[in-house]
Structure formats: C-alpha cells, structure tokens
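Overview (structure and organization)
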Amino acid sequence: MRSENQSSVSEFFLLGLPIRPEEQSVFLALFLGMYLTTVLGNLLIILLIRLDSHLHTPMYFFVSHLALSDVSFSSVTVPKMLMNMQTQQLSISYVGCVSQMYFFILFVCLDNFLLAVMAYDRYVAVCHPLHYTAVMRKELCVLLVAGSWFLSCAHALLHTVLFSHLSFCADNTIPHFFCDLTVLLKLTCSDTSLNELVIFIEGGVFAFLSFTTILGSYICIGVTILRVPSIKRICKALSTCGSHLFVVFLYYGTLAMIYFFPSSNSSKVKDIIASVMYTVVTPMLNPFIYSLRNRDMKLALGVLYRRGIIFAT
C-alpha cells in the first residue's frame, strides 16, 4: 500500500502566488528584476572581498559566505516560481520537490549559523579588540564556516530522509510557490509525529543555540559600551555592528512571521507574502546593507570601478 501511494504521486502541483492572471506579467518582471539584483549584488560582494586585500578579514570572510548562501538560497525557489508564472506549468516532480526542500532547509540553516558566527565575531571585535587578531585567527574562521556547512547539510539530510519514508494519497497540490517541509507534511497520509518531533527538538535546538549566541553577543556588546558611554564609542559600535544587526532583524523577523506566528487556514496569504519577503526580498537587500552602510565596501567598489575604467581605456 505504501509503495502504491508513493508511486501514484510522481509529481506535485505548486499553486504559486495568489496573483490574478492579468497581473502575472507585472509580477513576473518585478520578481525577475529582484532575483537578478540578488544574484548580481551578492556575487559583486564576493568579488570585491576576493579582489581587495583590505577586505581579507574575518568579518568579510563570513560576509562572503553569507552572500554565497543568499545567492544559493534565492536560486532554490525563485527560478522555479518564475518559470511557473511564465509557462503556467505548475507541476514539479517528486524528486525535484524533495531536492528543492533539501536545499531550502540547508541554506536556511546555514544563514542561521553564519549570522551567529558573525555575531560572535562582532563580540570579539568590540569587547576584546586587543585580542581580536589572536582569537579570530584564520584557522578558527575556516573551522566555524566549515562547521556551519557540515551541520546545515546534516540537518537538511536528516529531515529529507525522514520525509522520504512518508507516503501520499490523492492530494498532491501544494498551496505554496515552493516545496516547504511544513506544507508537505500536511499532505501526507502517513503518521508525521516523528517528523514533527525532530523538527521541534533538533530544529529547535539549532535555532535556540544560534539565537542565544546572537542575543548574548549583543548583550555583552551593549554592556561593554555602557560601561564608559560616549557618543564616539556608540557611533563606532553602530558602524561595526549595524549592518549585521539589521540583517538579523530581517532574517528572524520574516522567519517568525512564517513559522512562529502562522496564519489561520482562512488567511494563508499572509504566510505566502512573508515567504516572499524571506526568500526574495531579504537576500536582495543584504548587498545594499553591506555596501551602502559600509565604508570599506564602498572604497573597494570605487577601486574596482576605477580598475574597470582603466582596463576599458
């Protein structure tokens, strides 16, 4: 019975965004522009950090991996959404859906860990500036990033393996624009208690550790600043931590709207809008946050621009 159910669902149908047919072309152009901005902006950040030796520091090493994660994260869902809007072919194969779910979970978790690592980096920079170079040495930075990638891959693989043992009946319509695990679990005929338990315990532990690392780091930063308060120190701390803090608010704010404050069944539109913010808008804004608010990035961009003019002439 289980193999019959699994073989009968060889594909799913993504209902996509709640957009009227006459508005499809407008939103297609809008989301295509946002996606291209995301890809080009984040790749530009990676290029600047790679080429400018002044940006070869722990903070920008983490920023480059965050940019790579954002490009990958957006590329998991947005191209398929755009293709469905253009062709009106809403189907996605079972393997394609599971693959999309795996990479979505991976890059969500990776963003989570990288933001925690970056918060620790800012804590050391502000609270222990004299020991910053000794603490945040290259080996530790590589280890932190490699550990983030490894744990994210293991986290996504665990949920994917558990999901692959579930069976599906007649309902294969996903009321979303991508294969989200929480939505897929509602379609299955199997008992999902183990899946939900793992999401609650294992996923909760990862999220709690990352969030407490970020919160604890900024509490320590705040305490350090307030010990000898001055306008100069506050401005310096804001310039050091402002970009990261803004990204944290964007990340956890949209994440909370989707998973911690879910809508009722009669108002799922809010969840879809929050998911668009999370998968499309947030990755697009990160390059602007780290370039427009950061003097080093603007200087590196100016150098790259001047090099381009010289090579062009």
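What counts, and where the lines are drawn
Throughout, a residue's number is its position along its own chain's written sequence, starting from 1. It should be noted that, the model being predicted, local features are given only for residues of pLDDT at least 70 and side-chain atom pairs only at 80 or more, the latter also being counted only at that level, while totals for whole chains, interfaces and linings use all residues. To obtain the side-chain values, all non-hydrogen atoms of the structure were included, while hydrogens and water were left out. Put simply, DSSP marks the helices as runs of H or I at least four residues long and the strands as runs of E at least two long, and each gets a number from the N terminus on. Partly exposed describes any residue whose relative accessible area lies between the buried limit of under 20% and the exposed limit of over 50%, with all areas from a 1.4 Å probe on protein chains only and scaled to the type maximum. Note on contacts: a residue pair is in contact if any heavy atoms of the two residues lie within 4.5 Å. The length a helix should cover is 1.5 Å for every residue beyond the first. In this scheme, the bend at a residue equals the angle between the axes fitted to the seven residues that finish there and the seven that begin there. UniProt positions are given in the numbering used here, feature names are shortened, and annotations may be inferred rather than shown by experiment. A side-chain nitrogen of Lys or Arg and a carboxyl oxygen of Asp or Glu constitute a salt bridge if their distance falls within 4 Å. Cysteine sulfur pairs qualify as disulfides if the two atoms are within 2.5 Å. In this analysis the probe radius is 1.4 Å and the grid spacing 1 Å, with only protein atoms considered; a cavity is a set of points the probe fits into but cannot get out of, a pocket is an open set with protein on both sides within 12 Å along at least five of seven lines, and lining residues have an atom within 4 Å of a point. Grid points are joined across faces, edges and corners, and a volume is the space filled by probe spheres set on the points. Just so you know the grouping, Ala, Val, Leu, Ile, Met, Phe, Trp, Tyr, Cys and Pro go in nonpolar, Asp, Glu, Lys and Arg go in charged, and all remaining residues, Gly too, go in polar. When DSSP finds two or more bridges between a pair of strands, those strands are recorded as paired. Definition used in this section: a nonpolar core is a set of buried Ala, Val, Leu, Ile, Met, Phe, Trp, Tyr and Cys residues joined via side-chain atoms within 4.5 Å.

1. With respect to the overall build of the chain
- When its secondary structure is counted, the chain shows eleven helices and three strands.
- The N-to-C order of helical and strand elements in the chain reads α-β-α-α-β-α-α-α-β-α-α-α-α-α.
- Considering the chain as a whole, with its 313 residues, one finds that 48% of them fall into the buried category.
- In the chain, 80% of the contacts between residues at least 6 apart in sequence involve partners at least 24 apart.

2. Details of the environment of Val71
- With respect to the helices and strands, Val71 occurs in helix 3 (residues 58-87).
- For the pair Val71 and Val39, spaced 32 residues apart in the sequence, the C-alpha separation amounts to 5.5 Å.
- Setting aside anything within four residues of it in sequence, one finds Val71 in contact with Thr38, Val39, Asn42 and Leu43.

3. Comments concerning helix 3
- Its 30 residues place the ends of helix 3 44 Å apart at the C-alpha level, agreeing with the 44 Å of an ideal helix rising 1.5 Å per residue.
- Bending of helix 3 peaks at approximately 35° at the position of Ser75, with proline Pro79 no more than four residues after it.
- In terms of residue burial, helix 3 counts as a mostly covered element, since 23 of its 30 residues are buried.
- Count one or two residues on from helix 3 and you reach Gln88, which has phi positive near 65°.

4. Remarks on the UniProt feature "transmembrane region" (unreviewed entry) in the chain
- The positions that UniProt labels "transmembrane region" (unreviewed entry) are, in the present scheme, residues 26-49, 61-82, 102-120, 140-158, 205-226, 238-260 and 272-292.
- Each end of residues 205-226 is marked by a C-alpha atom, and these two atoms are 31 Å apart; helix forms 100% of the span and strand 0%.

5. So, the pattern of salt bridges
- By the definition in use, this model includes three salt bridges.
- Between Glu22 and Arg20 there is a salt bridge, with the nearest N and O atoms lying 3.2 Å from each other.
- One network of salt bridges, in which partners are shared, links Arg20, Glu22 and Glu23.

6. Digging into the state of the cysteines
- Considering all chains together, one arrives at one disulfide under this definition.
- Across the disulfide, Cys97 is cross-linked to Cys179 (sulfur-sulfur distance 2.0 Å). In this structure the cystine formed by Cys97 and Cys179 twists about its S-S bond by roughly -125°; its chirality is therefore left-handed. One end of the pair, Cys97, is in helix 4 (residues 94-127); the other, Cys179, is in the loop between strand 3 (173-174) and helix 7 (181-185), and 82 residues separate them in sequence.
- Cys153 forms no disulfide, and the closest cysteine sulfur to it belongs to Cys109, at a distance of 9.2 Å.
- When its relative accessible area of 27% is taken as the criterion, Cys153 is described as partly exposed.
- Unpaired in terms of disulfides, Cys220 finds its nearest cysteine sulfur in Cys127, a separation of 5.8 Å.
- Look at Cys220 and you get partly exposed, because its relative accessible area is 34%.

7. Focus on empty space enclosed by the protein
- All chains considered together, the criterion is met by two cavities of 30 Å³ or more.
- Quantified by volume, the second largest cavity comes out at close to 40 Å³.
- Elements represented by at least two residues in the lining of the second largest cavity include exactly helix 3, helix 4, helix 9 (231-260) and helix 10 (269-292).
- Looking at the lining of the second largest cavity residue by residue, the classes come out as four nonpolar, two polar and two charged.

8. Quick notes on unusual backbone geometry
- Even without glycine at this site, Gln88 takes up a positive phi of about 65°.
- Among the residues examined, Gln88 registers a relative accessible area of 45% and is labelled partly exposed.

9. Digging into the pairing of strand 1 (residues 11-14)
- What you see with strand 1 is a clean split: Phe12 and Leu14 sit on the buried side and Glu11 and Phe13 on the side with no burial.
- Sheet topology places strand 1 next to strand 2 (residues 91-93); three bridges connect them, and they run antiparallel. Counterpart to Phe13 in the pairing with strand 2 is Ser91.
- Looking at chain direction, strand 1 and strand 3 are connected through two bridges and run parallel. Looking at the pairing, Phe13 lines up with Thr173 of strand 3.

10. As for the nonpolar core
- Counting 85 residues, the largest nonpolar core has Phe12, Phe31, Phe163, Ile174 and Leu184 as its most contacted members.
- With 20 residues, the top contributor of residues to this core is helix 4.
- Here Phe31 is in contact with Leu17, Met81, Leu82, Met85, Val276 and Val280, once residues within four sequence places are set aside.

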